[in-house]
Amino acid sequence: MLQQRNEKAFGYLYDNYSGALYGIVNSIVTDKEIANDVLQNVFVNIWRKIESYDSSKGRLFTWMLNIARNASIDEVRSKGFRDSQKNQSLGENVNFPGAVTGPAIDDVGLKKVLTKLKGELRVLVDMSYFQGFTHEEISRALNIPLGTVKTRIRSALIQLRTMI
Amino acid sequence: MESYVLGLASEEERREFEQFCSQYPELLAARNSFELALEKQALENAIAPAVDVKSKIFEQIAGTGKVVTMQPAAIKRTNWFKYAAAACVILLAGSLYYNLTLYNKNKVLQNNYDTNIAKLNSVEKDIEILQQNPNIKMASMKGLDASPQSYATVYWDTTSHDVYLMTNNLPIPASDKQYQLWAIFNGQPVDLGVFDMKKEKLLIQAKNAQGAEAFAITLEKKGGSLTPEGTMYVMGKL
């Protein structure tokens with residue numbers, strides 16, 4: 001019904017999942033106002049791309065979650081967002097990937113789970129999942145061999161599965 | 001599996017994993033349970049977004065639903081034809097009106113042209129009379145005390161005795177008055193007739209004069225007088 005672009009079904013989808021997706025967006029885009037704009041774009045994109053969703057490749061929520069995550073990372077990495085953050089005082093949201101004790105991770109959602117990971121794994125997952133860096137970029141940024149980055153992220157994700 | 005679900009896998013890894021899923025049902029089941037756990041986790045940590053986000057979304061997607069999107073092409077086409085037809089009718093009406101206006105204007109201009117040609121012909125004829133006849137004598141009549149600016153000319157044919165008057169400058173008379181032309185012959189005024197001021201005619205033909213030493217114009221009662229009674233406006237000797 002949703003793939004027929006039924007607005008009523010879409011409204012139902014919004015009512016049930018906007019909060020969960022907003023939680024994800026919010027853990028990446030910390031500015032509340034921008035996070036709301038991102039969420040708006042996420043749902044508009046869901047509406048537009050709904051026909052490309054393939055249920056054999058995963059659950060609908062997983063598909064939406066990835067749209068939300070990608071949109072959030074795109075926003076954080078956009079020039080406009082970085083400029084808007086420049087004027088803010090250094091605080092809890094400073095992204096400094098090198099520091100193990102580093103970014104104070106917001107204790108919500110997946111990030112809460114993340115806090116249970118060992119420090120070094122936590123940074124890798126944070127950079128990879130919440131900030132969208134590629135393994136190569138993480139390797140360069142943290143000065144860790146690429147193979148090590150891949151192995152550590154794999155083990156971190158496996159640990160994550162048991163924690164969720 | 002985790003990187004696949006979390007969207008961290010490369011395109012190649014994704015294809016590979018999908019291949020495995022279709023081969024091993026237990027892998028598909030594991031994937032599904034991880035996805036469910038992730039969803040449950042996310043739902044438990046849901047945060048309510050701003051209240052107006054929903055209405056903004058629906059504003060943005062309004063009218064983009066399937067049922068609506070199928071129609072516009074056909075509707076637009078008919079609308080286009082309707083507008084084009086309406087535009088044609090308006091243009092045609094405007095053109096007809098413009099043509100009619102031009103036709104009327106043309107008629108007026110043609111009339112004016114005909115009148116002017118007629119005037120010109122009559123003037124040319126008058127000039128011919130004066131130029132081609134060697135017997136014509138001219139008397140310039142200057143304004144007198146009553147009207148110093150007045151001026152008129154008499155052309156007199158000494159053989160045929162025809163008299164032509166040109167009113168170069170005479171004031172328009174009152175409606176109950178008329179100008180009268182006189183020849184002065186042997187010291188006596190001889191009536192050459194009354195005349196009206198006609199702009200379209202250069203020369204006015206007066207009564208014949210058998211002889212004259214001078215000419216004069218007086219303003220008389222309508223119809224003229226036997227002997228001059230009114231004010232004399234102009235006079236000139238031959």
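Residues numbered from 1 in each chain as written. Chains lettered and ligands numbered in written order. Predicted model: local features only at pLDDT ≥ 70, side-chain atom pairs only at ≥ 80, totals over all residues. Heavy atoms only, no water.

Draft legend 1. Fine view of the overall build of chain A. Secondary structure assignment for chain A yields eight helices and zero strands. Sequence-ordered secondary structure for chain A, helices as α and strands as β, is α-α-α-α-α-α-α-α. Relative to its full complement of 164 residues, chain A shows a buried share of 48%. Taking all contacts inside chain A whose residues are at least 6 apart in sequence as the whole, residues at least 24 apart take part in 56%. Entry remark: accessible area of chain A is about 8,300 Å², with carbon and sulfur atoms responsible for 49%. (Helix = DSSP H or I, 4+ residues; strand = E, 2+ residues; numbered from the N terminus. Buried < 20%, exposed > 50% of the residue type's maximum accessible area, 1.4 Å probe, protein only. Contact = heavy atoms within 4.5 Å. Areas by Shrake-Rupley, 256 points an atom, 1.4 Å probe, with all protein chains shown as cover.)

Draft legend 2. Representation of the packing of aromatic side chains in the model. Counted under the stated rule, the structure contains eleven aromatic pairs over all chains. Seen in terms of ring centroids, B:Tyr4 and B:Phe17 are 4.6 Å apart; in terms of plane orientation they differ by 40 degrees. Their pairing is tilted. A residue pair is termed long-range when its members are at least 10 positions apart, and B:Tyr4 in helix 1 (residues 2-5) and B:Phe17 in helix 2 (residues 11-23) qualify at 13 residues. For B:Tyr4, a relative accessible area of 4% gives the class buried. Between B:Tyr179 and B:Phe195 the ring centres are 6.0 Å apart and the planes differ by 20 degrees, which places this aromatic pair in the stacked class. Remark: B:Phe195 occurs in strand 5 (residues 188-195) and B:Tyr179 occurs in strand 4 (residues 177-185); sequence separation between them is 16 residues. Feature note: the residues A:Phe10, A:Tyr14, A:Phe43, A:Trp47 and B:Phe58 constitute an aromatic cluster, connected by ring pairs. (Phe/Tyr/Trp six-rings, centres within 6.5 Å; stacked < 30°, edge-to-face > 60°.)

Draft legend 3. Just the pairing of strand 8 (residues 232-237) of chain B, in detail. Residues and elements named next belong to chain B. Where strand 1 (residues 136-143) meets strand 8, two bridges bridge the pair, whose relative direction is antiparallel. Note on strand 8: the bridge partner recorded for Lys-142 is Met-235. The pairing of strand 7 (residues 214-221) with strand 8 spans five bridges and is classified as antiparallel. Its bridge partner being in strand 8, Ile-217 is matched across the sheet by Val-234. (Pairing = 2+ DSSP bridges.)

Draft legend 4. View of the confidence of the model for chain A. Looking at chain A as a whole, its pLDDT mean stands at 78, while 76% of the residues score no less than 70. In this model, residues 88-107 of chain A is a region of pLDDT below 50 whose contacts with residues beyond four sequence positions or in other chains number 26 contacts. (pLDDT = per-residue confidence, 0-100.)

Draft legend 5. Structural detail: the side chain of B:Ser150. Residues and elements named next belong to chain B. Note on placement: Ser-150 falls in the loop between strand 1 and strand 2 (151-157). Within polar-contact distance, the side chain of Ser-150 engages the side chain of Ser-147 at 2.6 Å. Not counting residues up to four positions away in its chain, the partners in contact with Ser-150 are Met-141, Lys-142, Gly-143, Asn-169, Leu-170, Pro-171, Tyr-233 and Val-234. (Polar contact = N/O pair within 3.5 Å; in protein donor to acceptor, adjacent residues only side chain to side chain.)

Draft legend 6. Just the packing of helix 2 (residues 32-49) of chain A against helix 4 (residues 53-61) of chain B, in detail. One can describe the packing of helix 2 of chain A onto helix 4 of chain B by two numbers: an axis separation of 9 Å at closest approach and a directional angle of 40 degrees. Of the possible angle classes, the one that applies to helix 2 of chain A and helix 4 of chain B is oblique. Note that helix 2 of chain A runs across helix 4 of chain B; the crossing there is right-handed. Across from A:Asn36, A:Leu39, A:Gln40, A:Phe43, A:Val44, A:Trp47 and A:Arg48 in helix 2 of chain A, the residues of helix 4 of chain B making contact are B:Val53, B:Lys56, B:Ile57, B:Gln60 and B:Ile61. Of the residues belonging to the contact of helix 2 of chain A with helix 4 of chain B, the class tally is seven nonpolar, three polar and two charged. (Axes fitted to C-alpha atoms, helices over the stretch in contact; angles between N-to-C directions. Parallel < 35°, antiparallel > 145°, perpendicular 65-115°, else oblique. Left-handed = near helix turned anticlockwise from the far one by under 90°. Nonpolar A, V, L, I, M, F, W, Y, C, P; charged D, E, K, R; others polar.)

Draft legend 7. Quick peek at the sheet that holds strand 3 (residues 163-169) of chain B. All names here are of chain B. Pairing within the open sheet is antiparallel, and its eight strands lie in the order 5-4-7-8-1-2-3-6. On the outer flanks of this sheet lie strand 5 and strand 6 (204-206), each paired with one strand and no other. Between one strand axis and the next, the sheet turns by 30 degrees as a mean value, whatever way the strands run.

Draft legend 8. Geometry of the environment of A:Glu7. For A:Glu7, the position within the fold is in helix 1 (residues 7-28). For the pair A:Glu7 and A:Trp47, spaced 40 residues apart in sequence, the C-alpha separation works out to 9.1 Å.

Draft legend 9. Region of the structure containing helix 6 (residues 119-130) of chain A. Residue and element names in this part refer to chain A. With twelve residues, helix 6 should reach 16 Å at 1.5 Å per residue; the first-to-last C-alpha distance of 15 Å fits that figure. Burial runs high along helix 6: ten of the twelve residues are buried. One or two positions beyond helix 6, positive phi appears at Gly-132, with a value near 70 degrees. (Expected span 1.5 Å × (residues − 1).)

Draft legend 10. Representation of unusual backbone geometry in the model. In this structure, A:Asn143 takes a positive phi of about 60 degrees despite not being glycine. Its location among the elements puts A:Asn143 in the loop between helix 7 (135-142) and helix 8 (146-163). Positive phi outside glycine occurs at B:His161, with the angle close to 65 degrees. In this structure, B:His161 sits in the loop between strand 2 and strand 3.

Draft legend 11. Representation of the pattern of salt bridges. All told, the structure shown has eight salt bridges over all chains when counted by the stated rule. Residue B:Lys54 pairs with A:Asp15 through a salt bridge whose shortest N-O separation is 2.8 Å. In this pair, B:Lys54 is assigned in helix 4 and A:Asp15 in helix 1, connecting two distinct chains. (Salt bridge = Lys/Arg side-chain N within 4 Å of Asp/Glu carboxyl O.)

Draft legend 12. Broad picture of a nonpolar patch on the surface. A cluster of nonpolar side chains, B:Tyr113, B:Ile117 and B:Leu120, forms an exposed patch at the surface whose accessible area comes to about 290 Å². You can call B:Leu120 partly exposed: its relative accessible area is 45%. (Patch = residues over 30% accessible without salt bridge, like charges linked within 9 Å, V, L, I, M, F, W, Y side chains within 5 Å.)

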